[in-house]
Amino acid sequence: MNTIRYLPFAGRLMIGLPFAMSGFGKLATYGATVGMITAVGLPFPPLAFAVAVAVELAGGLLLIAGYRTRSVAAALAIFSLATAFSFHSNFADQNQMIHFLKNVMMAGGLLQIAAFGAGAISLDNRVSRDHAAVANVARTG
């Protein structure tokens with residue numbers, strides 16, 4: 001059995017789970033999150049809150065499931081970079097620099113997923129197998 005086939009799923013799980021947990025956690029901290037968004041000067045803080053929750057929660061879960069993985073990973077990479085520059089760009093604060101670099105590293109991992117896809121254990125792979133089977137039946141039938 002080829003154990004390498006499990007690595008893409010493990011990677012998607014390790015990147016997707018923190019996104020999903022963060023999005024879910026924001027649901028319980030509306031006031032504090034909107035306050036942080038307001039403090040950095042982003043427009044329409046309640047809308048930004050809703051977008052952040054949707055991107056993190058849905059994006060994390062979709063990434064774990066491996067559904068539309070390349071698009072989801074690209075969107076999460078952009079979100080990670082936007083978050084890094086919007087919330088963690090005070091490099092005089094070492095903690096902020098660490099968070100900035102963490103977001104950049106996550107974006108790098110997400111871009112790898114966007115480039116190489118979901119791997120064998122994913123809904124994307126199952127959908128492509130199902131489409132191939134239907135096409136094969138249509139061709140031979």
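Located above this text is the structure these notes cover.
Scope of this entry: the structure provided in the associated data block. (Residues numbered from 1 in each chain as written. Predicted model: local features only at pLDDT ≥ 70, side-chain atom pairs only at ≥ 80, totals over all residues. Heavy atoms only, no water.)

**Quick look at the packing of aromatic side chains**
Turning to step 1, where the next piece is worked out: Considering all chains together, one arrives at 3 aromatic pairs under this definition.
Turning to step 2, where the next piece is worked out: Between Tyr 30 and Phe 49, the ring centres sit 4.7 Å apart and the planes meet at 85°, which makes this aromatic pair edge-to-face. With Tyr 30 in helix H2 (residues 30–39) and Phe 49 in helix H3 (residues 45–65), the pair connects residues that are 19 residues apart, well separated along the chain.
Turning to step 3, where the next piece is worked out: When the ring of Phe 91 is compared with that of Phe 100, the centres are 4.9 Å apart and the planes differ by 80°; the resulting orientation is edge-to-face. (Phe/Tyr/Trp six-rings, centres within 6.5 Å; stacked < 30°, edge-to-face > 60°. Helix = DSSP H or I, 4+ residues; strand = E, 2+ residues; numbered from the N terminus.)

**Some points on the layout of surface pockets**
Turning to step 1, where the next piece is worked out: Estimated volume of the largest pocket: approximately 670 Å³.
Turning to step 2, where the next piece is worked out: For the lining of the largest pocket, the secondary-structure elements that each account for two or more residues are helix H1 (7–27), H2, H3, helix H4 (69–87) and helix H5 (94–116).
Turning to step 3, where the next piece is worked out: When residues in the lining of the largest pocket are grouped by element, the largest group, 6 residues, is from H4. (1 Å grid on protein atoms, 1.4 Å probe; cavity = no way out; pocket = protein on both sides within 12 Å on 5 of 7 lines; lining within 4 Å. Points joined across faces, edges and corners; volume = space filled by probe spheres on them.)

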